[in-house]
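Each chain is listed here by its residues.
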Amino acid sequence: MRLAIIGCGYVADYYLRTLPLHPELTIAGICDRDPARMANLAANYAVGRRFSEVAEVCADPDIDLVVNLTNPKDHFEVSLAALQAGKHVYSEKPLAMEMGQARQLADLATERGLQLSSAPCSVLGETAQTVWKALREQKVGRVRLVYAEMDDGLVHKMPYTKWLSMTGTPWPFKDEFEVGCTLEHAGYYTTWLTTFFGPAVSVTAFAVPLIPDKGVHVDVVSPDFSVAAISFTSGVVARLTCGIVGSHNHSLQVFGDEGTLEVPDSWFFGSPVAIRKSLNVLRKRLEGKLVRKVPLVRPVEKFDYRGAQQIDFARGIAELAAAVREGRRSRLATDFSLHNNELVLAISQSASTSMPYAMTTTFVPPTPMDWAI
């Protein structure tokens with residue numbers, strides 16, 4: 001599978017650092033509107049071919065797959081052009097900033113018989129697959145409730161203007177603040193929740209900008225805190241919080257009738273998994289006093305980059321490529337990606353309504369990774 005990366009910004013380093021873990025993928029070229037930024041990335045990763053325009057990438061018959069790492073507001077147009085040219089597409093999150101645009105992409109991919117997937121791919125990681133296996137085996141009994149936290153601390157108080165990627169590209173703080181932390185980060189848990197518990201049925205959410213002035217001019221003020229109660233077809237209810245105000249917390253708690261399953265941080269493929277069992281003592285029930293670690297389904301490779309996470313970013317691309325090669329649905333299939341896009345948009349845009357949101361999309365359940373069955 002020969003791929004081209006469009007967008008040579010901050011996140012491109014994470015993809016190119018983990019691409020060598022998947023030798024079946026070949027980088028055929030890169031493209032960016034900023035020639036200097038593209039040249040810097042090419043020099044650091046020995047990428048020979050550079051494209052100055054998206055149209056050049058789309059016209060190249062040797063490119064099978066486009067990896068869309070552009071600014072979120074450009075995701076739709078870049079992915080649309082690639083799909084129209086007959087390319088498979090793996091897009092950074094969100095799939096699109098508007099649900100109508102996301103549907104258009106999904107419909108086009110389905111019509112053309114193309115694979116369209118959206119990040120994040122963390123649900124394909126060892127920790128998520130271990131959690132899913134424990135749930136399938138009912139290690140904590142019937143699940144009733146989930147608490148998922150995606151809080152990053154007071155980002156506007158941090159030295160974010162000095163954050164650089166491995167090759168020196170600045171963190172795009174203005175774009176991050178304008179898109180908002182929910183659209184940027186909620187998907188790290190919505191993809192887990194929908195995989196484990198099925199499609200979401202309804203969402204009741206609250207989102208608000210608690211700190212509109214973050215020390216930099218923004219053209220769009222987006223929520224920096226959101227909380228959502230999500231109900232799933234399985235009957236499970238989840239509370240998901242996302243923000244850059246509350247202290248750092250990326251934990252997951254899955255509450256079952258026979259115990260609690262816990263993960264400290266979803267941003268690490270090797271994050272430990274534990275089960276807390278309750279204990280009856282006389283007339284009292286002591287919650288979570290017996291702790292047992294759950295072995296990961298397989299060892300985790302150490303990734304050759306620094307950052308706030310340890311994720312094999314290229315694994316989502318590899319999964320899409322394998323699906324094409326094997327003639328099957330990707331585990332991050334088009335309908336799955338569209339559903340999660342709708343779910344995250346519903347949470348992020350809840351500032352404009354106090355009414356519960358009824359989901360309009362669904363998806364065919366994905367299958368576990370072969371090494372996690």
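The model shown is predicted, which means the values in this text are computed figures rather than measured ones.

Novice: How should I be thinking about the pairing of strand β13 (residues 273-281) in this particular structure?
Specialist: On a regular strand, one side chain projects to one face of the sheet and the next to the other, so that they alternate. Across three bridges, the pairing between strand β12 (residues 259-263) and β13 is antiparallel. Paired with Thr260 across the bridge in β13 is Arg276. Bridge analysis of β13 against strand β14 (residues 284-294) gives eight bridges, and the strand direction is antiparallel. Across the sheet, residue Ile275 finds its bridge partner in β14, namely Arg292. Here β13 folds back onto β14, and the loop between the two strands holds two residues, one of which, Leu282, carries a positive phi near 55 degrees.

Novice: Can you help me understand helix α2 (residues 35-45) in this one?
Specialist: Because the α-helix completes a turn every 3.6 residues, residues three or four places apart line up on one side. Of the positions making up α2, those classed as buried are Met38, Leu41, Ala42 and Tyr45. Projected onto a plane normal to the axis of α2, the buried residues spread over an arc of 100 degrees and lie on a single side. The outward face of α2, more than 90 degrees from its buried face, is lined by the exposed residues Ala36 and Ala43. On the buried face of α2, the contacting elements are α1 (12-18), β2 (26-31) and β3 (50-51).

Novice: I'm lost on a nonpolar patch on the surface in this one. Help?
Specialist: Taken together, the side chains of Leu279, Val281, Leu282, Leu286 and Leu290 present a nonpolar region at the surface, about 450 Å² in accessible area. Elements supplying a minimum of two residues to the nonpolar patch: β13 and β14. Note that Val281 resides in strand β13.

Novice: In this structure, what is going on with the pattern of salt bridges? I would like to understand it.
Specialist: Summed over all chains, the structure comprises 21 salt bridges. Among the salt bridges present, the one from Arg144 reaches Asp257, with a minimum N-O distance of 2.9 Å. With a gap of 113 residues between them, Arg144 in strand β7 (residues 143-151) and Asp257 in the loop between β11 (252-256) and β12 connect regions that are remote in the sequence. On the basis of relative accessible area, Arg144 is assigned to the partly exposed category, the value being 42%. Judged by relative accessible area, Asp257 falls into the partly exposed class, the value being 39%. Here the salt bridges do not stand alone but share partners, grouping Glu319, Glu326, Arg328, Arg331 and Asp370 into one network.

Basis of the calculations
Residues numbered from 1 in each chain as written. Predicted model: local features only at pLDDT ≥ 70, side-chain atom pairs only at ≥ 80, totals over all residues. Heavy atoms only, no water. Pairing = 2+ DSSP bridges. Helix = DSSP H or I, 4+ residues; strand = E, 2+ residues; numbered from the N terminus. Buried < 20%, exposed > 50% of the residue type's maximum accessible area, 1.4 Å probe, protein only. Arc of directions from axis to C-beta. Contact = heavy atoms within 4.5 Å. Patch = residues over 30% accessible without salt bridge, like charges linked within 9 Å, V, L, I, M, F, W, Y side chains within 5 Å. Areas by Shrake-Rupley, 256 points an atom, 1.4 Å probe, with all protein chains shown as cover. Salt bridge = Lys/Arg side-chain N within 4 Å of Asp/Glu carboxyl O.

Everything listed is a geometric property; what it means functionally is a separate question.
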